[in-house]
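Now for the letters of each chain:
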Amino acid sequence: MPGPEERQAAGALLAILRERIAREGPLPVDAYVRACLFDPAHGYWSRPETIGKAGDFVTAPEISQVYGELIGLWCAVTWQGMGSPSLLRLVELGPGRGTLMRDALRAARAMPAFLDAARVHLVEVSPALRAVQQRTLASSRQKPASTHASAPHPAAGVDPRLRGDDGPIAWHGSVKEVPEGQAIIIANEFLDALPIRQLVFADGEWRERVVDVDASGRLRLVPGPPTAPPVTGLDAAPAPGTVLEVRAGEDALLAQLALRRQPIAALFLDYGPAGAATGDTLQAVRAHAWADPLAAPGLADLTAHVHFDGLAHKARAAGLAVDGPLTQAEFLGRLGIAERASRLMAANPQQAPGIEAAVQRLLSPTGMGTLFKAMAVRSRSLPPLVPFV
């Protein structure tokens, strides 16, 4: 149950949303999601303790250190495939608590030349999470536990003296702020958090789905004004109530990557179907349980499934090449997760059961192993990326 301060925050944001709807009319779903996540005073990402056992959800890097270590080694191998440039922008979008980057940098010590070239850039809009990431990476020289539990993590602002394992770290509000240079971009559970529009087929036409207020003051989803779907190949007359989700944030991100003057390789790790799909996937998670996305604005994480087929189509249209997708289980398997976990268990026999359980959670065919996918996009001048070929 939310405490008094959280109930007050949820009530404050609800009041703001009601007033905005009364002034502007019902809000498109993307506007509602953006307000819930990014309101500077009451939005979800204004709170620091959202990720981990003590928060609302756990991501793959928090489940096992092996995950971030494999990503770090993937980055080093990809750097070699890019010609081992003397300067590399190593970028993470939405770094969470900084756990993935911490583990990746530690594993990449096996290739000192890669670390000499890498300059770490974290794209994070939340001041609270920046403070967490700063604390995590400032202490990254310390040997971590074999599996991750919840740990504290951003101090607002950026200390220019702060260094990670082996290089300077900079924070940015968007990827377009990252300086030019060959770049590797990591986005783990980033795309699912981009605000989405929803279109619903009602009264024989597509309509914008909007958030309105009912007579009792509760928020509700209703069909809004008619609109044209931005994709082709849809049934001329889908079933009434069919929902189509539109992700303008993906288009904007891919366009920014395509505009970079030097070669880039980007790895997207997220959950959703590999093929095209319709349906309402907007969901809320609070205290590790599903919640109503409209019930307590600002208190729950709001996400939606990534449609990898559509993402690949957009990337190619932007002039980028695409590798994958693979299921998370296949991607991590090809990177050698079993072998790396075995070595970790041999070095930490007392912790072996926990290490094994964490890795199995990442690979489970009924859970993360198949629901989550890995897909890479790259400049067309670069060869196909491992482990996709």
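Provided above is the structure to which this section pertains.
Treat the numbers as computed from the prediction; the structure is a model and nothing was measured.

About the thresholds
Residues numbered from 1 in each chain as written. Predicted model: local features only at pLDDT ≥ 70, side-chain atom pairs only at ≥ 80, totals over all residues. Heavy atoms only, no water. Pairing = 2+ DSSP bridges. Helix = DSSP H or I, 4+ residues; strand = E, 2+ residues; numbered from the N terminus. Axes fitted to C-alpha atoms, helices over the stretch in contact; angles between N-to-C directions. Contact = heavy atoms within 4.5 Å. Left-handed = near helix turned anticlockwise from the far one by under 90°. Nonpolar A, V, L, I, M, F, W, Y, C, P; charged D, E, K, R; others polar. Buried < 20%, exposed > 50% of the residue type's maximum accessible area, 1.4 Å probe, protein only. Salt bridge = Lys/Arg side-chain N within 4 Å of Asp/Glu carboxyl O.

A.B. asks: Is there a simple way to think about the sheet that holds strand E14 (residues 321-327) in this case?
C.D. replies: One open sheet holds the seven strands; their spatial order is E4-E3-E2-E5-E10-E15-E14, and the pairing between them is mixed. Edge strands, defined here as strands with exactly one partner in the open sheet, are strand E4 (169-172) and E14. Shown here is a sheet whose adjacent strand axes are inclined to one another by a mean of 15 degrees, direction ignored. Judged from the five bridges that link them, E14 and strand E15 (residues 372-378) form a sheet pairing that is antiparallel. If you follow valine 322 over to E15, its bridge partner there is valine 377. Contacting strand E3 (118-123) and E4, helix H7 (residues 127-138) runs over the sheet at an angle of about 170 degrees to E4. Relative to E15, helix H9 (residues 308-317) is tilted by about 5 degrees, and along the sheet it contacts strand E10 (264-271), E14 and E15.

A.B. asks: Looking at this model, I keep getting lost on the packing of helix H4 (residues 65-81) against helix H10 (residues 328-335). Mind explaining?
C.D. replies: A pair of packed helices is characterised by two quantities: the angle between their axes and the separation of those axes. Following both chains from N to C, one finds H4 and H10 inclined at 65 degrees, their axes separated by 10 Å at the closest point. Handedness of the crossing formed by H4 with H10: left-handed. Residue-level contacts link Tyr67, Leu70, Ile71 and Trp74 of H4 to Gln328, Phe331, Leu332 and Leu335 of H10. When its residues are assigned to classes, the contact of H4 with H10 shows seven nonpolar, one polar and no charged.

A.B. asks: How should unusual backbone geometry be read in this particular structure?
C.D. replies: Outside of glycine, negative phi angles account for most residues, and trans bonds account for most peptide bonds. A cis amide bond links glycine 324 with the next residue in sequence, proline 325, at an omega value of 10 degrees. Summarising the element assignment, proline 325 is placed in strand E14. Note the cis peptide between valine 386 and proline 387, where omega equals 0 degrees. Assignment of secondary structure puts proline 387 in the segment after E15.

A.B. asks: Explain the pairing of strand E2 (residues 88-93) here, please?
C.D. replies: A regular strand places its side chains on the two faces of the sheet in alternate fashion. For E2, a buried count of six out of six residues is recorded, marking the element as mostly surrounded by other parts of the structure. Here E2 shows no split at all, with Leu88, Leu90 and Glu92 on one side and Arg89, Val91 and Leu93 on the other all buried. Judged from the six bridges that link them, E2 and E3 form a sheet pairing that is parallel. Residue pairing in the sheet places arginine 89 in a bridge with arginine 119 of E3.

A.B. asks: Would you mind showing me how to read the pattern of salt bridges here?
C.D. replies: Between side chains of opposite charge, pairing is possible as soon as their charged atoms come close. Summed over all chains, the structure comprises 18 salt bridges. Aspartate 280 is the salt-bridge partner of arginine 209, the closest N and O atoms lying 3.0 Å from each other. Here arginine 209 is found in strand E7 (residues 205-213), whereas its partner aspartate 280 is found in the loop between E10 and strand E11 (283-286), with 71 residues between them in sequence. The class of arginine 209 is buried, set by a relative accessible area of 16%. Relative accessible area serves as the criterion here: at 40%, aspartate 280 is assigned to the partly exposed category. Across the pair aspartate 251 and lysine 314 runs a salt bridge, and its minimum N-O distance is 3.2 Å. Note that aspartate 251 is positioned in helix H8 (residues 248-259) and lysine 314 in helix H9, a separation of 63 residues in sequence.

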